[in-house]
Amino acid sequence: MTAADTPVPLTARRSPGLKGRVRVPGDKSISHRSLIFGLLTVGETAISGLLEGADVLATAEACRKLGASVTRTGEGAWRVNGVGVGGLAAPASALDFGNAGTGSRLMMGVVAGHGVTATFDGDASLRKRPMMRVLAPLLSMGAEIVSSAEGGRLPLVLKGSADPVPITYETPVPSAQVKSAVLLAGLNAPGRTTVIEAEATRDHTERMLTHFGASVSVAPHGAHGARIVLDGRPDLRPNPVAVPADPSSAAFPLVAALITPGSDIVIEGVMMNPSRTGLIATLREMGGDIVELDRRIEGGEDVADLRVRHSALVGVEVPAARAPSMIDEFPVLAVAAAFARGTTRMNGLKELRVKESDRLAAVADGLRANGVEHEVEGDDLLVSGLGRAPGGGVVTTHMDHRIAMAFLVMGLAADAPVGVDDTGFIATSFPSFVPVMTGLGALFD
Ligand SMILES: O=C(O)C1=C[C@@H](OP(=O)(O)O)[C@@H](O)[C@H](O)C1
Ligand SMILES: C=C(OP(=O)(O)O)C(=O)O
């Protein structure tokens, strides 16, 4: 099963300066969570600005199978009537999460903390991804794996516990999905569930717990970490969610404008949550002209309109500690690095190997196909930028939306066109990518 039944290739070619104002779709992380919190709340949760991408639609369908009524009332406008913490229904058929790590792993946490059994499945990419990182703490909370593919992979049958054990869990990998799964299971545990992170990851679950009335505290832990403590069995209260624009999607027009001569664009309402702005910090260090206009609070998150102009970029070193705040942005940063002068060294990219594809390998292959000098040293990626990229390659996307979008961006400024073998998976996170980019003047064929 794939997002598109047959691959849809596309080529990007050298474009005139990008111009105009755009808004990218709602944040994927917050969209998944808004549906899941709607499921776990009795009463009606109204969501605006929901990302209507395939990943999030799969989560909506799973919420229905677990007992919620989920309806679309307009573009990005959704209503969820949930069952409340402890009230999950046993699903009558498998929960199919398609390409989505976030949806599947967060819902494993929800199921683990309820006395129901559910089958989790996904596409060929999701079936390859490690699930034991999430299942290990959930098993210690009382869940059981009834059956699974090798190594706890999907397809998987998970039996939850009606009376989960509150635990203290130190996450061995920097992963918001692992943290969130434990906290979601802990919602139905009688007592305090604690998650300790050595490196703090995106905090959308913690913020949403507070937004829905749970008692949760977050304290610093070590130099870069966090300690999160949740009181179990709250009565969550419905509260509307306004989903801000996704910084991980904004990254594509942003880098496109920086590398395409003559560009001057505005990207509206981009979420500026500090746990997500590592790319913007890095591009500014590289000399990127990114100006925040009208910084404000929308839907409980800092947002800003970003004015981005073509810039002469230079290579920089990206510290490993910054990786969690830009983990999905490395493919497009590698493209920006090709157009910079000098070497950009990106440290600590181990987690890229377990995304929709092995992104470290996929990015390296894409750079090679387009004549960009680079090296993978352990878990670090070094790109030797010449201020230009030869292009001329066709990139294998491996069912990975971010690989497809990153290399299409490269093609807008490369000497020769850049092709990607399949754009079908772009619909998982940014279904309007091609029209949004075309509206700015990007040339695709
Ligand atoms: O919690 C989330 O919403 C996400 C966490 C990250 O994954 P990891 O938890 O595996 O780092 C990120 O890559 C993913 O796109 C979304
Ligand atoms: C890694 C990603 O998503 P997920 O883990 O939800 O599949 C992503 O969107 O880049």
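My aim in this report is to walk through the structure given alongside it, one point at a time.

Conventions we followed
Residues numbered from 1 in each chain as written. Chains lettered and ligands numbered in written order. Predicted model: local features only at pLDDT ≥ 70, side-chain atom pairs only at ≥ 80, totals over all residues. Pairing = 2+ DSSP bridges. Helix = DSSP H or I, 4+ residues; strand = E, 2+ residues; numbered from the N terminus. Axes fitted to C-alpha atoms, helices over the stretch in contact; angles between N-to-C directions. Buried ≥ 20, exposed ≤ 12 C-beta atoms within 10 Å, placed from the backbone. Contact = placed C-beta atoms within 7 Å. Near = placed C-beta within 6 Å. Nonpolar A, V, L, I, M, F, W, Y, C, P; charged D, E, K, R; others polar. Domains from an automatic or database assignment.

In spatial order, the strands read β2-β15-β17-β16; together these four strands make up an open sheet with mixed pairing. Each edge of the open sheet carries a strand with a single partner, namely β2 (19–22) and β16 (289–298). Each strand of the sheet is rotated relative to its neighbour by a mean of 15°, with strand direction disregarded. Pairing geometry for strand β15 (residues 264–271) and strand β17 (residues 301–309), over six bridges, is antiparallel. If you follow V270 over to β17, its bridge partner there is A304.

Within the span of helix α7 (residues 204–211), buried status applies to H204, T205, E206, M208 and L209. Contacts made by the buried residues of α7 are with α1 (28–39), α6 (176–186), β12 (216–221) and β13 (225–231). Just beyond α7, the residue with positive phi is G213, at close to 95°.

Here we take up the site of ligand 2. As a structural note, the neighbourhood of ligand 2 is formed by K28, D55, A100, G101, T102, D328, K355, E356, R402 and S429. For the shell around ligand 2, the class distribution of residues is one nonpolar, three polar and six charged. Per-domain counts for the shell around ligand 2 show at least three residues from each of domain 1 (10–25 + 244–444) and domain 2 (28–234).

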